[in-house]
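Listed below are the residues making up each chain.
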Amino acid sequence: MFKKSILIAFVASAIITTTTQAQTTTTTTTTSTSTSNFVADGKLWSSMYQQKAAEYKALCFQAYNMAHLRADMALLKNKSKSKIKSKPLAIVTDIDETVLDNSPNSVHQALQGKDYEPAAWAEWTAMAKADTVPGAPSFLKYAASKGIAIYYITNRAESERAATIKNLQLYGFPNADNAHLILHQDGTPSSKETRRLEVAKTHNIIMLMGDNLADFSAMFDKKTTDERNQTTREHSALFGKTFIVIPNANYGDWESSLYQYKRLNTAQKEEAFKTNLINQ
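Please read all numbers here as calculations on a predicted model, not as lab measurements. (Residues numbered from 1 in each chain as written. Predicted model: local features only at pLDDT ≥ 70, side-chain atom pairs only at ≥ 80, totals over all residues. Heavy atoms only, no water.)

Chemist: Which parts of the structure should I look at to understand unusual backbone geometry?
Modeler: The bulk of non-glycine residues show a negative phi, and the bulk of peptide bonds are trans. Despite not being glycine, Asn-175 shows a phi value in the positive range, around 55°. Along the chain, Asn-175 falls in the loop between helix H7 (161–170) and strand E5 (181–184). Residue class for Asn-175 comes out partly exposed when judged on its relative accessible area of 25%. In this structure, Gln-260 is a non-glycine residue whose phi angle is positive, near 60°. (Helix = DSSP H or I, 4+ residues; strand = E, 2+ residues; numbered from the N terminus. Buried < 20%, exposed > 50% of the residue type's maximum accessible area, 1.4 Å probe, protein only.)

Chemist: Can you walk me through the sheet that holds E5 in this structure?
Modeler: Adjacent strands of a sheet form backbone hydrogen bonds with each other and so pair up, either parallel or antiparallel. Pairing is parallel in the open sheet, where 5 strands are placed in the order E5-E4-E1-E6-E7. Since the sheet does not close on itself, it has two edges, and those belong to E5 and strand E7 (243–245), each with one partner. Strand-to-strand twist in this sheet, taken as the mean axis angle between neighbours without regard to direction, amounts to 20°. Bridge analysis of strand E6 (residues 204–210) against E7 gives 3 bridges, and the strand direction is parallel. The residue of E7 that forms the bridge with Met-209 is Ile-244. Its contacts with the sheet place helix H3 (residues 54–80) against strand E1 (89–93), E6 and E7, and it is angled at close to 180° to E6. (Pairing = 2+ DSSP bridges. Axes fitted to C-alpha atoms, helices over the stretch in contact; angles between N-to-C directions. Contact = heavy atoms within 4.5 Å.)

Chemist: How do you make sense of the pattern of salt bridges when you look at a structure like this?
Modeler: If the charged atoms of two oppositely charged side chains come close together, the side chains can form a pair. As enumerated under the stated definition, the model contains 9 salt bridges in all. Taking the shortest distance from any N to any O, the salt bridge between Arg-156 and Asp-96 comes out at 2.7 Å. Here Asp-96 lies in the loop between E1 and strand E2 (100–101) and Arg-156 lies in strand E4 (residues 149–157), a separation of 60 residues in the sequence. Among the residues examined, Arg-156 registers a relative accessible area of 2% and is labelled buried. Between Lys-274 and Glu-270 there is a salt bridge; the shortest N-O distance is 2.7 Å. With a gap of 4 residues between them, Lys-274 and Glu-270 both fall in helix H11 (residues 266–276), about one helical turn apart. Relative accessible area serves as the criterion here: at 47%, Lys-274 is assigned to the partly exposed category. Salt bridges sharing common partners tie together Asp-94, Lys-192 and Asp-215. (Salt bridge = Lys/Arg side-chain N within 4 Å of Asp/Glu carboxyl O.)

Chemist: In this structure, what is going on with empty space enclosed by the protein? I would like to understand it.
Modeler: A water-sized probe, rolled over the atoms, reveals where empty space remains. Going through the model one piece at a time under the given rule, you end up with 1 cavity of 30 Å³ or more. In this structure, the largest cavity spans a volume of roughly 40 Å³. In terms of lining residues, the largest cavity is bounded by Val-92, Thr-93, Asp-94, Ile-153, Lys-192, Arg-196, Met-209 and Asp-215. Residue composition of the lining of the largest cavity, by class: 3 nonpolar, 1 polar and 4 charged. (1 Å grid on protein atoms, 1.4 Å probe; cavity = no way out; pocket = protein on both sides within 12 Å on 5 of 7 lines; lining within 4 Å. Points joined across faces, edges and corners; volume = space filled by probe spheres on them. Nonpolar A, V, L, I, M, F, W, Y, C, P; charged D, E, K, R; others polar.)

Chemist: Looking at this structure, how should I read the pairing of E5?
Modeler: Taken residue by residue, a regular strand's side chains alternate between the two faces of the sheet. Examined bridge by bridge, E4 and E5 share 3 bridges and lie parallel to one another. Bridging from a neighbouring strand, Ile-153 pairs with Ile-182 of E5. Crossover handedness for the path E4 to H7 to E5: right-handed. (Right-handed = clockwise from strand over helix to strand, strands pointing away.)

Chemist: Hey, could you run me through the confidence of the model for the protein chain in this one?
Modeler: A low pLDDT score tells you not to read the predicted coordinates there in detail. With 86% of its residues at a pLDDT of 70 or more, the protein chain has an overall mean of 89. For the stretch residues 1–35, pLDDT sits under 50, and the model shows 2 contacts to residues farther than four places along the chain or on other chains. (pLDDT = per-residue confidence, 0-100.)

Chemist: Got a minute to help me understand the nonpolar core in this structure?
Modeler: Soluble, globular proteins show a tendency: their nonpolar side chains are buried together. Grouped together as the largest cluster of nonpolar side chains are 35 residues, with contacts concentrated most on Ile-91, Val-99, Phe-139, Met-207 and Met-209. Among the elements of the structure, H3, E1, helix H5 (118–127), helix H6 (136–145), E4, H7, E5 and E6 are those that each provide at least two residues to this core. Not counting chain neighbours up to four residues away, the residues in contact with Met-207 comprise Ala-67, Arg-70, Ala-71, Ala-90, Ile-91, Val-92, Phe-139, Lys-241, Thr-242 and Ile-244. (Core = buried A, V, L, I, M, F, W, Y, C linked by side-chain atoms within 4.5 Å.)

Here is the structure:
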């Protein structure tokens, strides 16, 4: 009887020890996973906002409603000068997260614990199935119906041309053709300034639309976080007038500036985020 009691006590102790070790292992694993996927988890949150939040859609509609008003004002101004020979009107717009929604690609990457990857991005754009940003198709169709040319200046690669045109045409975007799609050429700067100036040679650009400040002017190219904020304050009157901003919490120079435009690993990105956050 005494030996049996000792055996029972030993088994019970072993079970408790094993359970405790398992719980400790689980806790450690969970914590480790959470830390290693800091950036990927963040992309899931921002993608959820972009896909499901009515507030996101409201901000997009607000931007395009303002663009509609500004286009009408430009048309009236141009009509009053009809006797004066002038260049035709044009709107320059970015594509990604401005007229096309690529959040499914961000979700796909994040669920694998990954951030942006060129190869995965190329596979996604080749599908030519990105949905539209709320308000974009109706506004650009309206502008084109009034004789305003639409130019798409994007940092997508030349290899993505055919699929990009196919995706734009899927939703009936106006001027979705080679002449109006201006891509980034290999070996050239990513800045869009030179391409904007080329359009300005033949057209009067009445409006620029984008989700990234670099879509509007070279004064925002490769600037630090503080410089971007300062320049935005200094030129606040241009927003909602010449510059129409579409919200994008998923990626952009706002994020790259935190990394000083360097290629960082996940741990380094996490550190950059935490360093820049304002805590109480």
